[in-house]
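These are the residues of each chain, in order.
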Amino acid sequence: MVKILSSLKWLFIGLVILFIYAPILLLTVYSFNATETINTWEGFSLTHYEYFFSPDNQPFQIVLQTMALALIVATLSTILGTIGAIGIFYSKKRISGTLAGMNQIPIINAEVVTAISFAFLVVALQIPKSTFIPLIVGQMVLCTPFVVTSIIPKLKQMDNNLYEAALDLGASPSKALFSVVIPQILPGIIAGFLLSLTLSLDDYVIAAYTKPNTFQTISTHIYSLNKGGMVNTIKSSYWAFTAIVFLLIVLVLIVTNVIASKNARSKK
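Residues numbered from 1 in each chain as written. Predicted model: local features only at pLDDT ≥ 70, side-chain atom pairs only at ≥ 80, totals over all residues. Heavy atoms only, no water.

Any details on the overall build of the protein? Residues and values, ideally.
On a plain count of helices and strands, the protein comes out with 11 helices and zero strands. Order of helices (α) and strands (β) in the protein, N terminus to C terminus: α-α-α-α-α-α-α-α-α-α-α. For 268 residues, the compact-globule estimate of 2.2 N^0.38 gives 18 Å, and the protein exceeds it by more than 25% at 23 Å. In terms of principal-axis extent, the alpha carbons of the protein reach across some 70 × 65 × 35 Å. (Helix = DSSP H or I, 4+ residues; strand = E, 2+ residues; numbered from the N terminus. Rg over C-alpha atoms; globule rule 2.2 N^0.38 Å.)

How would you explain the environment of Phe215 if you had to name every residue and give the values?
Mapped onto the fold, Phe215 is located in the loop between helix H9 (205–210) and helix H10 (218–224). Its relative accessible area of 9% is what places Phe215 among the buried residues. In the structure, Phe215 is positioned 150 residues away from Gln65 in sequence and 8.7 Å away in space, judged by C-alpha atoms. For Phe215, the residues in contact, after removing those within four places along its chain, are Gln65, Leu69, Phe132 and Leu135. (Buried < 20%, exposed > 50% of the residue type's maximum accessible area, 1.4 Å probe, protein only. Contact = heavy atoms within 4.5 Å.)

A description of the packing of aromatic side chains should follow, citing residues and the corresponding values.
Geometrically, a pair of aromatic rings is defined through the distance of the ring centres and the angle of the planes. By the definition in use, this model includes 11 aromatic pairs. Summarising the aromatic geometry, the rings of Tyr21 and Phe246 are spaced 6.1 Å apart at their centres and angled 50° between planes, so their arrangement reads as tilted. Here Tyr21, found in helix H1 (residues 2–30), pairs with Phe246, found in helix H11 (residues 230–267); they are 225 residues apart in sequence, far enough to count as distant. We classify Tyr21 as partly exposed; its relative accessible area is 37%. Between Phe53 and Phe60 the ring centres are 6.3 Å apart and the planes differ by 50°, which places this aromatic pair in the tilted class. Through successive ring pairs, a cluster of aromatic residues spans Phe52, Phe53, Phe60 and Phe241. (Phe/Tyr/Trp six-rings, centres within 6.5 Å; stacked < 30°, edge-to-face > 60°.)

Let's hear about the packing of helix H4 (residues 93–108) against helix H6 (residues 133–157): which residues, and what values?
For the pair H4 and H6, the least separation of the axes is 9 Å and the interaxial angle reads 125°. By the criterion of interaxial angle, the relationship of H4 to H6 is oblique. H4 and H6 meet at a crossing whose hand is left-handed. Within the contact between the two elements, H4 uses Asn103, Gln104, Pro106 and Ile107 and H6 uses Val141, Pro145, Phe146, Val148 and Thr149. Within the contact of H4 with H6, the residues separate by chemical class into six nonpolar, three polar and no charged. (Axes fitted to C-alpha atoms, helices over the stretch in contact; angles between N-to-C directions. Parallel < 35°, antiparallel > 145°, perpendicular 65-115°, else oblique. Left-handed = near helix turned anticlockwise from the far one by under 90°. Nonpolar A, V, L, I, M, F, W, Y, C, P; charged D, E, K, R; others polar.)

Requested: an account of the side chain of Thr210, with residues and values cited.
The topology assignment puts Thr210 in helix H9. Residue classification places Thr210 among the buried residues on the basis of a relative accessible area of 1%. One polar contact links the side chain of Thr210 to the main-chain carbonyl oxygen of Ile206, over a distance of 2.6 Å. Among all residues touching Thr210, those that are not within four sequence positions of it are Phe118, Lys129, Pro134 and Leu135. (Polar contact = N/O pair within 3.5 Å; in protein donor to acceptor, adjacent residues only side chain to side chain.)

Outline the nonpolar core, supporting the account with residue identities and numerical values.
Inside soluble globular proteins, nonpolar side chains tend to come together where they are buried. If you look at the biggest cluster of nonpolar residues, it comprises 17 residues, and the most contacted ones within it are Ala85, Ile86, Ile151, Leu155, Val181 and Ile185. Listing elements by their share of this core, those giving two or more residues are helix H3 (58–89), H6, helix H7 (160–168) and helix H8 (173–202). Among the elements that line this core, the one with the most residues is H8, at six residues. In contact with Val181, not counting residues within four places along its chain, are Ile86, Tyr90, Leu155, Met158, Tyr163 and Ala176. (Core = buried A, V, L, I, M, F, W, Y, C linked by side-chain atoms within 4.5 Å.)

Describe the environment of Asn257, naming the residues involved and giving the relevant values.
Mapped onto the fold, Asn257 is located in helix H11. Separated by 140 residues in the primary sequence, Asn257 and Ser117 place their C-alpha atoms 42 Å from one another. Separated by 2.9 Å, the side chain of Asn257 and the backbone oxygen of Leu253 make a polar contact.

Any chance you could break down unusual backbone geometry for me, citing the residues and the numbers?
Within the chain, Gln126 stands out as a residue other than glycine whose phi angle is a positive 55°. As for its placement among the helices and strands, Gln126 is situated in the loop between helix H5 (111–125) and H6. Since its relative accessible area comes to 71%, Gln126 is described here as exposed. You will see that Phe132, though not glycine, has its phi angle at about 70°, which is positive. Here Phe132 shows up in the loop between H5 and H6.

Listed below in C-alpha cells is the structure:
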C-alpha cells in the first residue's frame, strides 16, 4: 500500500511537471523545424536560429534592447527597494506596518490597473514617453515592492547586535551599514534583483501603456505581430529564443543544485 501511494505521488508530480513544461518543450522541438508552423514537421533545420541571431533582423535587436531595459530597471529597483526595506525595518512599529502595507498594494493590485493609473499620472504631469522615464519608472513601480519583500525576511533573520557592536566599536552608521548590514542581506538583494529582471522581461501591460512609439520590448513586439508573410518568420524565430532561455534556466538549476549538494556534503 505504501509503495502504491508513493508511486501515485510521483506520478502526480510527473503529470504536473509535464503539464507545466509541455508547451515550452513543444516550442523547443519545433524551433528546429524547417517550417514556420507547428502543424507540420518538415525536417530538422537551424533556420530559425540563423534568423534570430542575425543582427540585421528585428528579434535580435529587440531582445538586446529589452535586456538593456530590464538591467536598468532591475538595478534601480534593487537600489530603491534595498533602501526602502531597510527604512521600513528600522522605522517605528506603526510607521513600519503602514509602509509595509502600502508596499503590498502594487503586488496585490492587478497589473492593468497599475498600468492605467500610472498612464493617467504621466499624462497629468505631461511627461513625454520619448524620454523613457514613464517606461522605466512604471516598471520600477512593478518591481520595487518585490525587492522589498525579498529583503525584509533577511533583515528579520539578521542579528541586530552586530550592527550595534559595529557602532560601539567606532564605525559610522554608513560604515556599519555597508560593512555589516548589506553583507547580511545580500542574498535577499540578489534575489530581488533577479526577480526584478524577470518581471521587467515578462512585462507587457505597463510597457504597452508607457513605452515610446518607436521602442519595442519582446512582449509588445510579439503581441503586435500579424499573420502572414515575413511576420510568421519573425514569430517562429522567437521559438529559438524560447529554447535558448529554457536551456539556460535548466543549466543554471543543474549547476546550482550540484554546488549546493557539494557544499552540503562538505559540511557533514
